[in-house]
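Structure assessment
Here's the letter readout for the chains.
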Amino acid sequence: MLAVFAAGLGAGAVNTVVGSGTLITFPVLLATGLPPVTATVSNALGLIPGSISGAIGYRRELQGQRRRILKLGAGAVVGALAGATLLLALPATAFERIVPVLVTLALVLVVLQPLISTRLRRRRERDGTATHPDGGPLLLVGLTLASVYGGYFAAAQGIIYMSLMGVLLDDTMQRLNAVKNVLAAVVNAVAATVFLFVADFDWTAVALLTVGSALGGQIGATVGRRLSPVVLRGLIVVVGTVGVVQLVR
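Thresholds, definitions, all that
Residues numbered from 1 in each chain as written. Predicted model: local features only at pLDDT ≥ 70, side-chain atom pairs only at ≥ 80, totals over all residues. Heavy atoms only, no water. Helix = DSSP H or I, 4+ residues; strand = E, 2+ residues; numbered from the N terminus. Buried < 20%, exposed > 50% of the residue type's maximum accessible area, 1.4 Å probe, protein only. Contact = heavy atoms within 4.5 Å. Areas by Shrake-Rupley, 256 points an atom, 1.4 Å probe, with all protein chains shown as cover. Expected span 1.5 Å × (residues − 1). Core = buried A, V, L, I, M, F, W, Y, C linked by side-chain atoms within 4.5 Å. Axes fitted to C-alpha atoms, helices over the stretch in contact; angles between N-to-C directions. Parallel < 35°, antiparallel > 145°, perpendicular 65-115°, else oblique. Left-handed = near helix turned anticlockwise from the far one by under 90°. Nonpolar A, V, L, I, M, F, W, Y, C, P; charged D, E, K, R; others polar. Salt bridge = Lys/Arg side-chain N within 4 Å of Asp/Glu carboxyl O. Polar contact = N/O pair within 3.5 Å; in protein donor to acceptor, adjacent residues only side chain to side chain.

**Some thoughts on the overall build of the chain**
- Counting secondary structure elements, the chain contains twelve helices and zero strands.
- Every one of the 249 residues in the chain was classed for burial, and the buried ones make up 51%.
- Taking all contacts inside the chain whose residues are at least 6 apart in sequence as the whole, residues at least 24 apart take part in 83%.
- Of the accessible surface of the chain, which amounts to about 11,400 Å², a share of 68% is contributed by carbon and sulfur atoms.

Laid out in structure tokens, this is it:
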């Protein structure tokens, strides 16, 4: 019980700052003897308070982003429904090969984001075109597909969100991180709602993760909001790299 609570605390903090908390909680839940699907659905429900807590901690950075969140949130709902359905319909190992590839590509985008953004900005200035405030159709489709993955497993979905938004939106890392926390909360909530009707939960694990992640979300918001863009980007790359190594082991 202490291990699950501590994992929830760490996951809540890491999810708020970076977005790979499931890589902490999932192995711990498996180590307690839970079957993979039960661990996945219990994890999705238990980490919802952490995402909400992190979003509340970033409430200042969310100001002025209501339209963006509503639009991208709609895609997150659709993606989460599809991902949750896939989890129930496909074998538990179906995404084992594609997940490390997705996370690795996301990390590459995070590293190259300043260079890509600079080149895109120069091209827009040369062509006289303006940046789409919501990222346009490409971002909506990309985040919807990322939410399919999030509804299925959720490990490192925040890193994928940050990489896509970092390239396609002209905004600060902290404001994008705030949006990421809201989208993660939406995906977890939608997926967990689906699971409530058709899957078996371990309610002790859910309760421990709920309390731990909620506390961790506040800790993560306090720390994350003080990080510079360079440090935040570096932290995302480090945590994501560790996650990829863990996924391919």
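**Here we look at helix 6 (residues 66-89)**
- For helix 6, which comprises 24 residues, the first-to-last C-alpha distance of 34 Å matches the rise-based estimate of 34 Å (1.5 Å per residue) to within 8%.
- Those residues of helix 6 that sit buried are Arg68, Ile69, Leu72, Gly73, Gly75, Ala76, Gly79, Ala80, Gly83, Ala84 and Leu87.
- Where helix 6 is buried, its residues meet helix 3 (36-46), helix 5 (59-62), helix 8 (136-152), helix 9 (157-168) and helix 10 (173-198).

**Topic: helix 1 (residues 2-17)**
- Taking 1.5 Å of rise per residue, 16 residues should cover 22 Å, and helix 1 covers 23 Å from first to last C-alpha, within 8% of that figure.
- Three or more residues of helix 1 are buried, namely Val4, Ala7, Gly8, Ala11, Gly12, Ala13, Asn15, Thr16 and Val17.
- Taken from the residues just after helix 1, Gly19 is the one with a positive phi, measuring 115°.

**Section: the nonpolar core**
- Judged by nonpolar contacts, the single largest core of 55 residues is most densely connected at Leu143, Met165, Phe195 and Ile236.
- Apart from residues lying up to four places away in sequence, Met165 is in contact with Leu72, Leu139, Leu143, Leu176, Val179 and Lys180.

**A look at the packing of helix 3 against helix 10**
- Their axes nearest at 8 Å, the elements helix 3 and helix 10 cross at an angle of 130°. Classed by the angle they form, the pair helix 3 and helix 10 counts as oblique. Between helix 3 and helix 10 lies a crossing whose hand is left-handed. Across the interface between the two elements, Val41, Ala44 and Leu45 from helix 3 touch Asn188, Ala192, Phe195 and Leu196 from helix 10.
- Residue classes in the contact of helix 3 with helix 10 are distributed as six nonpolar, one polar and no charged.

**Brief notes about the packing of helix 1 against helix 11 (residues 203-224)**
- Two elements in contact, helix 1 and helix 11, have axes whose closest approach is 6 Å; the angle formed by their N-to-C orientations is 35°. Handedness of the helix 1/helix 11 crossing: right-handed.
- Split into classes, the residues belonging to the contact of helix 1 with helix 11 amount to twelve nonpolar, nine polar and no charged.

**A few points about the pattern of salt bridges**
- Summed over all chains, the structure comprises two salt bridges.
- Between Arg68 and Asp171 there is a salt bridge; the shortest N-O distance is 3.0 Å. Separated by 103 residues along the polypeptide, Arg68 in helix 6 and Asp171 in the loop between helix 9 and helix 10 bring together distant segments of the chain.
- In this structure Arg68 comes out as buried when scored by relative accessible area, which is 10%.
- With a closest N to O distance of 2.9 Å, Asp171 and Arg175 form a salt bridge.
- Classification of Asp171 as partly exposed rests on a relative accessible area of 23%.
- For Arg175, a relative accessible area of 23% gives the class partly exposed.
- Several salt bridges share partner residues, and in doing so they unite Arg68, Asp171 and Arg175 into one network.

**Thoughts on the side chain of Thr25**
- By the secondary structure assignment, Thr25 is in helix 2 (residues 22-31).
- Of note is the side chain of Thr25, whose polar atom sits 2.4 Å from the side chain of Asn43.
- When residues no more than four places from it in sequence are discounted, the contact partners of Thr25 are Ala7, Gly8, Ala11, Asn43, Leu47 and Leu209.

**Topic: the environment of Thr210**
- Of note, Thr210 is situated in helix 11.
- A residue is classified by how much of its surface remains accessible, and Thr210, at 26% relative accessible area, is partly exposed.
- Taking C-alpha positions, Thr210 is 7.2 Å from Gly8, a pair spaced 202 residues apart along the chain.
- When sequence neighbours within four positions are dropped, the list of residues in contact with Thr210 reads Gly46 and Pro49.

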